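Coordinate analysis (summary)
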Amino acid sequence: MYTKFKEAVMSVTRRGLIRICSFAVAAVAALGVRNVQLMNQNNTSARALEYSYLRAVEDLSTAADNISNTLQKELYAGTADMHENLAAKLWRESSAAKAALSQLPVEELQLENTYKFLSQVGNYALSIAEKASEGEEISLEEYEKLRTLHDFSKRLNDDMWELENSISSGELSLSSVASKTVSAGTDAETPNVTEGFEDFEEGFDSYPTLIYDGPFSDHILEKTPKMTADAEEVTQQKALERCTLALNINSTEFTQISEEAGKMPSWVFSDDNGSVTCGVTKNGGYISYFLKSRQVTDSSLSQKEGLDAADKFLEDIGINSMTQTYYEDYNGILTVNYAYDDNGICCYTDLIKVSVAMDNGEILGYDARGFLVNHEKRSYNDDRISVLDAQEKVSPMLEVLSRQLAVIPSDSTEELLCYEFKCQAEDGSHVLVYVNAYTGKEEQILILFESESGTLTM
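The structure contained in this document is the topic of the report that follows.

Another point: the overall build of the protein chain. When helices and strands are counted, the protein chain shows 9 helices and 14 strands. Residues classed as buried in the protein chain amount to 44% of the 458 residues present. The contacts in the protein chain between residues at least 6 apart in sequence include a share of 61% that link residues at least 24 apart.

On to the pattern of salt bridges, then. This structure, assessed with the given rule, holds 14 salt bridges. Close ionic contact of K226 with E376 constitutes a salt bridge, the shortest N to O distance being 3.0 Å. With K226 in the loop between strand 1 (209-210) and helix 6 (236-247) and E376 in the loop between helix 8 (369-374) and helix 9 (387-391), the pair connects residues that are 150 residues apart, well separated along the chain. Of the charged contacts in the structure, one is a salt bridge between K304 and D308, with a shortest N-O distance of 2.9 Å. With K304 and D308 both in helix 7 (residues 303-316), this residue pair falls 4 residues apart, about one helical turn. One salt-bridge network, in which partners are shared between bridges, spans K292, R294, D359 and E362.

What follows covers the pairing of strand 11 (residues 415-424). Each regular strand shows side chains that alternate between the opposite faces of the sheet. Among the 10 residues of strand 11, 7 are classified as buried, and the element is accordingly described as predominantly covered. Bridging between strand 10 (residues 399-409) and strand 11 involves 10 bridges; their strand directions are antiparallel. Paired with S402 across the two strands is K422, which belongs to strand 11. Sheet topology places strand 11 next to strand 12 (residues 430-436); 7 bridges connect them, and they run antiparallel. Looking at strand 12, one finds that K422 is bridged to L432. Taken together, strand 11 and the strand that follows it, strand 12, pair antiparallel across an intervening segment of 5 residues, in which G428 is found at a positive phi of about 90°.

Turning next to the nonpolar core. Counting 89 residues, the largest nonpolar core has L314, I352, V354, Y366 and F421 as the members making the most contacts within it. Among the elements that line this core, the one with the most residues is helix 1 (residues 2-76), at 11 residues. With residues up to four places along the chain from it excluded, the contact list for I352 reads L314, I319, M322, V336, N337, Y338, Y366, D367, A368 and F371. In terms of nonpolar packing, the next biggest core, distinct from the first, is built from 12 residues, Y326, A406, L432 and L446 among them.

Considering all chains together, one arrives at 6 aromatic pairs under this definition. Taken together, a centroid distance of 5.5 Å and an interplanar angle of 70° make the contact between F313 and Y366 edge-to-face. Pair noted here: F313 is in helix 7 and Y366 is in strand 9 (residues 363-367), with a separation of 53 residues, a long-range link. On the basis of relative accessibility, which here comes to 5%, the residue Y366 falls in the buried class. Between Y340 and F371, the ring centres sit 6.3 Å apart and the planes meet at 70°, which makes this aromatic pair edge-to-face. With a gap of 31 residues between them, Y340 in strand 7 (residues 333-342) and F371 in helix 8 connect regions that are remote in the sequence. Just as Y340 is buried, F371 falls in that class too. Three or more aromatic residues joined by ring pairs form one cluster here, namely F290, F313 and Y366. Over the ring of W267 we find K282, and its NZ or CZ is 4.6 Å from the ring centre.

Of note, N331 is a non-glycine position whose phi angle comes to about 55°, a positive value. One can find N331 in the loop between strand 6 (322-330) and strand 7. Its identity as a non-glycine residue notwithstanding, N343 has a phi of 50°, on the positive side. Along the chain, the position of N343 falls in the loop between strand 7 and strand 8 (345-357). For N343, a relative accessible area of 78% translates into the label exposed.

The rules behind these values
- Residues numbered from 1 in each chain as written.
- Predicted model: local features only at pLDDT ≥ 70, side-chain atom pairs only at ≥ 80, totals over all residues.
- Heavy atoms only, no water.
- Helix = DSSP H or I, 4+ residues; strand = E, 2+ residues; numbered from the N terminus.
- Buried < 20%, exposed > 50% of the residue type's maximum accessible area, 1.4 Å probe, protein only.
- Contact = heavy atoms within 4.5 Å.
- Salt bridge = Lys/Arg side-chain N within 4 Å of Asp/Glu carboxyl O.
- Pairing = 2+ DSSP bridges.
- Core = buried A, V, L, I, M, F, W, Y, C linked by side-chain atoms within 4.5 Å.
- Phe/Tyr/Trp six-rings, centres within 6.5 Å; stacked < 30°, edge-to-face > 60°.
- Lys NZ or Arg CZ within 6 Å of the ring centre and 35° of its normal.

As structure tokens, this is what we get:
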């Protein structure tokens, strides 16, 4: 009986061992799956944290860039209204920067002084604006303090873009920086996140644009075009004839015909592969734009030859009284901006752009929508302040080089007649200041970026 009992016990034990082994294998497998799940969760969490840091750095970089540009304009502001407008903008941008900064490991990245700077810059600008609004002059010492703030803002701007680049490229993990610093304790050496990085020049959200193609053309397509409002409607065939005549292209090449709605209804003609497209307004039959797509092989023409080619094209299609304002030569294509010359008054609102291929002078682009929207016969009130009175509004930090009357748009899409003062700053850079010819209000400040490729503005 003992033998049977022993055999039974042994039998049960073997079955138990098998079950135990099975359970162990299952448990190990389950733990392995759970570990993989936890690792995936940790990786997902780490990626989410890193992405949130990157977004915060991007927001901080954008705000720092805007603060630097606005502070530079503050240096060149000459009236209380302009100081007040710029101060309000600085306050908003510094608040946005502080909000972004609050999402970053500030101590680990040695950004404590940055937070102090952001707090000070808005407050100081507001104090300057308040002083100017009370009729007090801004002292040279206060301008120097603004210059100091601007110099610091440029360094901050450079550091932020380098930091963003290093995170985007994977050279630096902010989540790792934060965790390593915390685990190492307060005595650990704080990393220098910008050490060794090359200059970063890409990714600017507010990258300069071709002058008057950016700040003075934001509302072009929001208004009812003045030249087409009461114009007679033309047929599709008539529109096609005008298109082919202007472009010197056989009408049979335009095989695709469509319609464009909006405030400037147009007939749109293009070829089979879409390499040439031309828009003609239904009312008036004006060529509003055309584009020709091809590879420009080289830049054998001089800029003067390119400018002459653009001038000749406007002359050939019967558009007169336009004056060249600014241009940009990029990737073998010279884009020229024209403004209407109204008996010596430069109407930047009446904008035409012509693009020239610099390998053979061919016209690759034409955009007259700004002109069609804004052009009209204008009358000007003679009750204007003198140019000398207007010039007194210009900042003492600027030297006036030239002056002229100009029409520019306001934020409300209305036109403003202003004195345009082209000025030079102490560092040699050029600045445009616009003073309202009737009220004496400083309406706009543009900073020019001039190079062999053209003129850009911020």
